[in-house]
Amino acid sequence: MSNLRCCPLKPALVNMLQVCVDTGSTSDETLVALLFISPNTVHVYFNRVFELLDVHSRSAAIIVALKNRWILLPPVGIVN
């Protein structure tokens with residue numbers, strides 16, 4: 001049996017974490033620019049993620065989401 005948890009996050013929160021992984025950045029500036037949300041919304045979203053996942057940092061939230069396969073690592077380029 002798998003140790004994966006059911007995702008407690010709403011799609012917008014999962015999307016934000018996926019953008020962090022895809023860009024390699026958790027900066028407010030990156031998320032504001034790519035998600036077209038305000039800096040305040042970024043903070044509200046992360047506070048909700050921290051609460052739901054019982055973590056205290058953005059990187060910890062990403063690790064939990066990756067381990068549970070709620071988000072995926074971007075594909076690695078194939079070198080010939």
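Calculation criteria
Residues numbered from 1 in each chain as written. Predicted model: local features only at pLDDT ≥ 70, side-chain atom pairs only at ≥ 80, totals over all residues. Heavy atoms only, no water. Helix = DSSP H or I, 4+ residues; strand = E, 2+ residues; numbered from the N terminus. Expected span 1.5 Å × (residues − 1). Buried < 20%, exposed > 50% of the residue type's maximum accessible area, 1.4 Å probe, protein only. Contact = heavy atoms within 4.5 Å. Arc of directions from axis to C-beta. Phe/Tyr/Trp six-rings, centres within 6.5 Å; stacked < 30°, edge-to-face > 60°. Axes fitted to C-alpha atoms, helices over the stretch in contact; angles between N-to-C directions. Parallel < 35°, antiparallel > 145°, perpendicular 65-115°, else oblique. Nonpolar A, V, L, I, M, F, W, Y, C, P; charged D, E, K, R; others polar.

Asks: I tried to follow helix α1 (residues 11–23) on my own but got confused; where do I start?
Replies: Residue pairs three or four apart in sequence face the same way in an α-helix, which turns once every 3.6 residues. Given a rise of 1.5 Å per residue, 13 residues ought to cover 18 Å, and the 18 Å separating the end C-alpha atoms of α1 matches this to within 8%. Among the residues of α1, those classed as buried are L13, V14, M16, L17, Q18, V19, C20 and V21. Lining the buried residues of α1 we find α2 (28–35), α3 (39–53) and α4 (58–67). A positive phi of about 70° marks G24, the residue just after α1.

Asks: Mind showing me how you'd approach the side chain of D28 here?
Replies: Its location among the elements puts D28 in helix α2. By relative accessible area, D28 is classed as buried at 18%. If near-sequence neighbours (up to four positions away) are discounted, D28 is found in contact with V42, H43 and R58.

Asks: Explain α4 here, please?
Replies: Where α4 is concerned, the buried positions are R58, A61, I62, V64 and A65. Along the long axis of α4, the arc covered by the buried residues comes to 160°, so they all point the same way. Tucked inside the fold, the buried residues of α4 contact α1, α2 and α3. Just beyond α4, the residue with positive phi is R69, at close to 60°.

Asks: Before we go on, may I ask you to explain the packing of aromatic side chains in this structure?
Replies: Given two aromatic rings, their pairing is described by the distance between the two centres and the angle made by the two planes. Counting across every chain of the model gives 1 aromatic pair. Ring geometry for F46 and F50: centres 5.9 Å apart, planes at 35°, overall tilted. Here F46 and its partner F50 are both found in helix α3, 4 residues apart, which amounts to about one turn of the helix. For F46, a relative accessible area of 1% puts it in the buried group. Assessed through its relative accessible area of 19%, F50 is described here as buried.

Asks: Which parts of the structure should I look at to understand the side chain of Q18?
Replies: With respect to the helices and strands, the residue Q18 is situated in helix α1. The exposure class of Q18 is buried, given its relative accessible area of 18%. Setting aside its immediate chain neighbours within four residues, Q18 contacts I71 and L72.

Asks: Explanation requested: the packing of α2 against α3 in the structure shown.
Replies: Relative orientation and spacing of two packed helices are given, respectively, by the angle between their axes and the distance between those axes. Interhelical geometry of α2 versus α3 gives an angle of 105° and a closest axis separation of 9 Å. Viewed along their axes, α2 and α3 adopt a mutual orientation that is roughly perpendicular. Of α3, the residues touching α2 (which contributes D28, L31 and V32) are P39, V42, H43 and F46. Each residue belonging to the contact of α2 with α3 can be placed in one class, and the counts come to 5 nonpolar, 1 polar and 1 charged.

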